[in-house]
Amino acid sequence: MTTYGEAGALDWPRIRKLFVIGLCASLLTFVADMLLGWVDGLNSTGTVQGMVAAYSSISDTRMAASALMGLVGIFLTSLAYFGVYRLLVAGKSRHAHAFRAGVIGYLAFGACGVHVPCLMAVYVYKHMAVLDAQAAWDAMVRFALYFMLPAFVLFVIFEFVMVIAQIRGFAEGDTPYPKWCAVLNIYTGMLLAVIISAIGGDTALFNGIFAAWISAGNVLTFAGLLATMPHAARKP
């Protein structure tokens, strides 16, 4: 555990700026995910192919907007997590370097490896299905296995490393934040989004929230860290 006698020496204005950027960027990504997930009757289809068909019912403009907004939002969100890295490094946390590695992987694979390819797959399926729905589905499955799955697996691994390092660093008192702030992480927000969407039912609003579960986790993280920052900055 680190005693933060020099907590005031931290560059709080810069950390705050990074957290504000992270909150704005994660809200942008949240809207991007909602644009894709805002469909009725998603779970009533009963099959994964039916769910993809439901997503493909949205307009090309919405798909393009979702892809672009998510691309920008995820990139900026990833950079904003270096504000958390500053806290861990200043506290000489043994988890700081693992957290940084996780952030780099999140940055590398989040937008271009996962988010945008998902929109690409739905877009291609939508226009191929007009000619042959089964052929479109078969092609999309192969696309997902060959090109999306490897990046997705790497993204999940790096995200796990990042979040666990953040949780442990905060819980062990390596930052000037209260230890309970360890709950302000992506996984907590993801869990809340899943619970809310399950309670809400199979409607456009709650299907959109489910699609935005990762960005909901980022919103919770940065909003919570900003809200508790005044207390952390005053820690003796």
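No experiment lies behind these values; they were computed from the predicted model shown.

Colleague: Looking at this structure, how should I read the overall build of the chain?
Modeller: Counting its secondary structure elements, the chain contains nine helices and zero strands. Along the chain, helices and strands appear, N-terminal first, in the series α-α-α-α-α-α-α-α-α. Against the 2.2 N^0.38 benchmark of 18 Å for 236 residues, the chain shows a C-alpha radius of gyration of 19 Å, consistent with a compact globule. C-alpha extents for the chain along the principal axes are approximately 65 × 35 × 25 Å. Put simply, the chain has 236 residues, and 45% of those count as buried. In the chain, 79% of the contacts between residues at least 6 apart in sequence involve partners at least 24 apart.

Colleague: Whenever I open this one, helix 5 (residues 96–129) confuses me. Can you help?
Modeller: In an α-helix, one turn spans 3.6 residues; hence positions three or four apart end up facing the same way. In a regular helix each residue adds 1.5 Å, so 34 residues correspond to 50 Å; helix 5 covers 47 Å between its end C-alpha atoms and thus fits that length. A bend of about 50° at Gly110 is the largest found in helix 5.

Colleague: Explain the environment of Gly110 to me, please; I cannot follow it from the model alone.
Modeller: Among the structural elements, Gly110 can be located in helix 5. For the pair formed by Gly110 and Phe152, sequence separation is 42 residues and the distance between their alpha carbons is 8.1 Å. Setting aside its immediate chain neighbours within four residues, Gly110 contacts Ile74, Gly105, His115 and Phe155.

Colleague: What should I look at first to understand the packing of aromatic side chains in this one?
Modeller: How two aromatic rings sit relative to each other is set out by the distance from centre to centre and by the angle between their planes. Taken as a whole and judged by the stated rule, the model has 12 aromatic pairs. Ring geometry for Tyr146 against Phe147: centres 6.3 Å apart, planes inclined by 80°, an arrangement best described as edge-to-face. Neither Tyr146 nor Phe147 differs from the other in exposure class; each is exposed. A network of ring pairs unites the aromatic residues Phe19, Tyr81, Phe99, Tyr106, Phe155 and Phe222 as a single cluster.

Colleague: Is there a simple way to explain helix 2 (residues 48–55) in this structure?
Modeller: If you check which residues of helix 2 are buried, you get Gly50, Val52, Ala54 and Tyr55. The elements touched by buried residues of helix 2 are helix 1 (12–37), helix 3 (60–80), helix 5, helix 6 (133–171) and helix 8 (204–211).

Colleague: Mind showing me how you'd approach a nonpolar patch on the surface here?
Modeller: A cluster of nonpolar side chains, Leu145, Tyr146, Phe147, Leu149, Phe152, Val153, Leu154, Val156 and Ile157, forms an exposed patch at the surface whose accessible area comes to about 850 Å². Counting through the fold element by element, Leu154 comes out in helix 6. On the basis of relative accessible area, Leu154 is assigned to the partly exposed category, the value being 35%.

Colleague: Please clarify how the packing of helix 1 against helix 4 (residues 82–90) should be interpreted in this entry.
Modeller: The relative placement of two packed helices is expressed as an angle between their axes plus a distance between the axes. Across the interface, helix 1 lies against helix 4 with an axial gap of 8 Å and an inter-helix angle of 145°. Two secondary-structure elements touch here, helix 1 through Trp12, Arg14, Ile15, Leu18 and Phe19 and helix 4 through Phe82, Gly83, Val84, Arg86 and Leu87. Tallied by class, the residues present in the contact of helix 1 with helix 4 amount to seven nonpolar, one polar and two charged.

Colleague: I'm lost on the packing of helix 3 against helix 5 in this one. Help?
Modeller: Between helix 3 and helix 5, the shortest axis-to-axis distance is 8 Å and the interhelical angle comes to 175°. Comparing the axis directions of helix 3 and helix 5 gives the class roughly antiparallel. Taken together, the residues that form the contact of helix 3 with helix 5 break down as 15 nonpolar, six polar and two charged.

Colleague: In this structure, what is going on with unusual backbone geometry? I would like to understand it.
Modeller: Excluding glycine, most residues fall at negative phi; most peptide bonds, likewise, are trans. Positive phi, normally seen in glycine, also occurs at Lys92, with a value near 55°. Locating Lys92 in the fold gives a position in the loop between helix 4 and helix 5.

Colleague: Got a minute to help me understand the environment of Met148 in this structure?
Modeller: In this fold, Met148 is placed in helix 6. On a C-alpha basis, the gap between Met148 and Ser26 in space is 22 Å, while along the polypeptide they are 122 residues apart. For Met148, the contacting residues outside a window of four places in its chain are Gly113, Pro117, Cys118, Ala121 and Phe143.

Colleague: Teacher, can you tell me more about the layout of surface pockets here?
Modeller: Take a probe with the size of a water molecule and roll it over the atoms, and the empty space left behind shows itself. The space that makes up the largest pocket amounts to roughly 1,200 Å³. What lines the largest pocket is a set of 37 residues, and nearest its centre among them are Val114, Cys118, Met148, Phe152 and Trp213. Breaking the lining of the largest pocket down by element, the ones donating at least two residues are helix 1, helix 2, helix 3, helix 5, helix 6, helix 8 and helix 9 (213–233). Examining the composition of the lining of the largest pocket, we find that 11 residues originate from one element, helix 6, more than from any other. The residue inventory of the lining of the largest pocket, partitioned by class, reads 27 nonpolar, eight polar and two charged.

Criteria and thresholds
Residues numbered from 1 in each chain as written. Predicted model: local features only at pLDDT ≥ 70, side-chain atom pairs only at ≥ 80, totals over all residues. Heavy atoms only, no water. Helix = DSSP H or I, 4+ residues; strand = E, 2+ residues; numbered from the N terminus. Rg over C-alpha atoms; globule rule 2.2 N^0.38 Å. Buried < 20%, exposed > 50% of the residue type's maximum accessible area, 1.4 Å probe, protein only. Contact = heavy atoms within 4.5 Å. Expected span 1.5 Å × (residues − 1). Bend = angle between axes of the 7 residues up to and from the residue. Phe/Tyr/Trp six-rings, centres within 6.5 Å; stacked < 30°, edge-to-face > 60°. Patch = residues over 30% accessible without salt bridge, like charges linked within 9 Å, V, L, I, M, F, W, Y side chains within 5 Å. Areas by Shrake-Rupley, 256 points an atom, 1.4 Å probe, with all protein chains shown as cover. Salt bridge = Lys/Arg side-chain N within 4 Å of Asp/Glu carboxyl O. Axes fitted to C-alpha atoms, helices over the stretch in contact; angles between N-to-C directions. Nonpolar A, V, L, I, M, F, W, Y, C, P; charged D, E, K, R; others polar. Parallel < 35°, antiparallel > 145°, perpendicular 65-115°, else oblique. 1 Å grid on protein atoms, 1.4 Å probe; cavity = no way out; pocket = protein on both sides within 12 Å on 5 of 7 lines; lining within 4 Å. Points joined across faces, edges and corners; volume = space filled by probe spheres on them.

Functional significance is not addressed by these values, which are geometric in nature.
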